[in-house]
Amino acid sequence: NRYVNSVGTNECVLIVSPVDGLSISAFASANVSTLATNGATKAIGYYNNADNTWTNYTTSTIGGAGNFPLGKGFQMATIANGTGILSFTGSPAATNKTQAIINNDAANSGAGTRWNLVANPFPSYINGNTAAGATNFMDVNSGVIDANFLGLYGYDADGIGSGYTVYNNTSAARRIAPGQAFMVASDNPNVGNPDELSFTTAMRTTEGDDDFIAGRNSENSFELILKLYEGDSEIDHTKFYFGDGLGLNLDPGYDAGHFNQGASLMSRLVEEDEGVGLVINAMGLESVNDVVAPLELNMEAGNNFRISIGTFNINIGTNVYLEDNVQGTMTLLNDQDFELTAENELSGVGRFFIHLTETVLS
């Protein structure tokens, strides 16, 4: 039995059957009193990264859907005001499983995406990152996941469209719940020879965490979070993490590209920038008071917005300045928000920078 969010905008849960041999049609029939429907449409859907679409099964298509494939994710939702419980019946997977992944953004002239919806195929937790266990999903699959996006991209399912939260080696020990689905990025555009993502029995563990639904775990392992607002609505954020042994260039498994590369607020690598907008920018501890990081803002002309510090867990003497080199201003975010109404469309990097320093700037 698994808890699944009730139906609602941006509230579906990414999940798959954690047992083998379960017919999708039989699953829908067994959960008819709980699974959400809309006319003939069932709240069971799959993702196609060749054209970036979601498709839900209907009463006419579900009969030919076959069994849930282990390791492939689906979207699901339960009826409003129900128990939220869906039941999965089948045989526990007892051997290693693989799931093909492909970058259909590069392979399909930009019509698709790099993102693949995959899932823990076991009815047990598995170690997700290095802190969780010696054998873990990220380390085992580091060779087939795009190094700019090496992590677990869990859908927030929070009803406000926050999108995806990244769990990687900047997080505390992260273990993936039975049947939990998430996105991973592929850098292989060879459709005829996709990479194989591995789920091994050695990843399994008796320890566990909550699922990836926003607000259902309170972990906050990031050191500095900048948030972007329009009015009182938070529309995006970017995060900075500091740890021993990290650099200003790409640290796979620590730095993480934003799920949406056209997002409103991102940062960039300080050195050897590869053109990837980051939601997590990881650096060495020595950079806490001595770094200037480029910000990327993408906003329509006429939009009024503000940037503020959301979380501040770095040295108390660290000053966080936002530089706008068009206006020639330095805003100390420790004391006040940066506010601007964009006269022209904002895009890319080069105008805005974050300065972390112990120096007081004019």
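Criteria and cut-off values
Counting from 1, residues in each chain are numbered in the order their sequence is written. For this predicted model, a pLDDT threshold of at least 70 governs which residues receive local features, and a threshold of 80 or more governs which side-chain atom pairs are given and counted, while totals over whole chains, interfaces and linings are taken from all residues. Values reported for side chains reflect all heavy atoms of the structure, with hydrogen atoms and water molecules removed beforehand. Pairing of aromatic rings covers Phe, Tyr and Trp, the last through its six-membered ring, and needs centres within 6.5 Å; plane angles under 30 degrees mean stacked, over 60 mean edge-to-face, and all others mean tilted. The way it works is that DSSP assigns letters per residue, a run of H or I at least four long becomes a helix, a run of E at least two long becomes a strand, and they are numbered from the N terminus. Using a 1.4 Å probe on the protein chains alone, a residue whose accessible area is under 20% of its type maximum counts as buried, one over 50% counts as exposed, and one in between counts as partly exposed. Only Lys NZ and Arg CZ are tested; either one counts as a charge over a ring when it is within 6 Å of the ring centre and within 35 degrees of the ring normal. By this definition, two strands are paired if DSSP reports at least two bridges between them. Salt bridge, as used here, is a side-chain nitrogen of Lys or Arg placed within 4 Å of a carboxyl oxygen of Asp or Glu. A 1.4 Å probe that fits but cannot get out identifies a cavity on a 1 Å grid over protein atoms alone, an open set with protein on both sides within 12 Å along at least five of seven lines counts as a pocket, and a residue lines either if it has an atom within 4 Å of a point. Grid points are joined across faces, edges and corners, and a volume is the space filled by probe spheres set on the points. Contact between two residues is taken to exist if any of their heavy atoms lie within 4.5 Å; hydrogens are not considered.

Enquirer: Quick rundown of the packing of aromatic side chains? Include the residues and the values.
Expert: Enumeration according to the criterion identifies 15 aromatic pairs in this entry. Taking the centre distance of 5.5 Å and the plane angle of 85 degrees together, the rings of Trp115 and Phe149 count as edge-to-face. Of this pair, Trp115 sits in strand E9 (residues 115–119) while Phe149 sits in the loop between helix H3 (137–140) and strand E11 (152–155); the two residues are 34 residues apart in sequence, bridging distant segments of the chain. Residue class for Trp115 comes out buried when judged on its relative accessible area of 4%. Judged by relative accessible area, which is 1%, Phe149 ranks as buried. Each ring, one from Phe137 and one from Phe182, has its centre 5.3 Å from the other, and the planes form 90 degrees; the classification is edge-to-face. Of this pair, Phe137 sits in helix H3 while Phe182 sits in strand E14 (residues 181–185), and the two are 45 residues apart along the sequence. In this structure, Arg204 packs its charged tip against the face of Phe122, placed 5.6 Å from the ring centre. The cationic tip of Arg306 hangs over the ring face of Tyr229; the distance from NZ or CZ to the ring centre is 4.2 Å.

Enquirer: Can you tell me about the sheet that holds strand E16 (residues 204–205), naming the residues and giving the values?
Expert: In spatial order, the strands read E13-E10-E16; together these three strands make up an open sheet with antiparallel pairing. Two strands lie at the open edges of the sheet, namely strand E13 (175–176) and E16, each paired on one side alone. As paired strands, strand E10 (residues 125–127) and E16 are joined by two bridges and run antiparallel to one another. The partner of Tyr125 across the bridge, within E16, is Thr205.

Enquirer: Provide a residue-level description of the pattern of salt bridges, including the pertinent values.
Expert: Enumeration according to the criterion identifies six salt bridges in this entry. Between Glu296 and Arg268 there is a salt bridge, with the nearest N and O atoms lying 3.0 Å from each other. Here Glu296 is found in strand E22 (residues 290–297), whereas its partner Arg268 is found in the loop between strand E20 (265–267) and strand E21 (278–283), with 28 residues between them in sequence. Grouping residues by exposure puts Glu296 and Arg268 together as buried. The network of salt bridges with shared partners includes Arg268, Asp273 and Glu296.

Enquirer: Go over the layout of surface pockets with me, naming the residues and quoting the values.
Expert: Here the second largest pocket is characterised by a volume of approximately 250 Å³. Looking at the second largest pocket, it is lined by 15 residues, and the ones nearest its centre are Asn49, Gln99, Ala100, Ile102 and Asn116. Broken down by secondary-structure element, the contributors of at least two residues to the lining of the second largest pocket are strand E4 (41–48), strand E8 (97–101) and E9. Looking at which element gives the most residues to the lining of the second largest pocket, the answer is E9, with four residues.

Enquirer: Tell me about the environment of Met76, and name the residues and values.
Expert: Among the structural elements, Met76 can be located in strand E6 (residues 74–76). You can call Met76 buried: its relative accessible area is 1%. In contact with Met76, not counting residues within four places along its chain, are Val4, Cys12, Val13, Ile15, Phe27, Ala43, Ile44, Phe68, Leu86 and Phe88.

Enquirer: Which residues make up unusual backbone geometry, and what values do they have?
Expert: The phi angle at Asn52 is positive, at roughly 60 degrees, despite the residue not being glycine. For Asn52, a relative accessible area of 44% puts it in the partly exposed group. Although it is not a glycine, Glu272 adopts a positive phi angle of roughly 55 degrees. Along the chain, Glu272 falls in the loop between E20 and E21. A relative accessible area of 57% places Glu272 in the exposed class.

Structural measurements only, silent on function.
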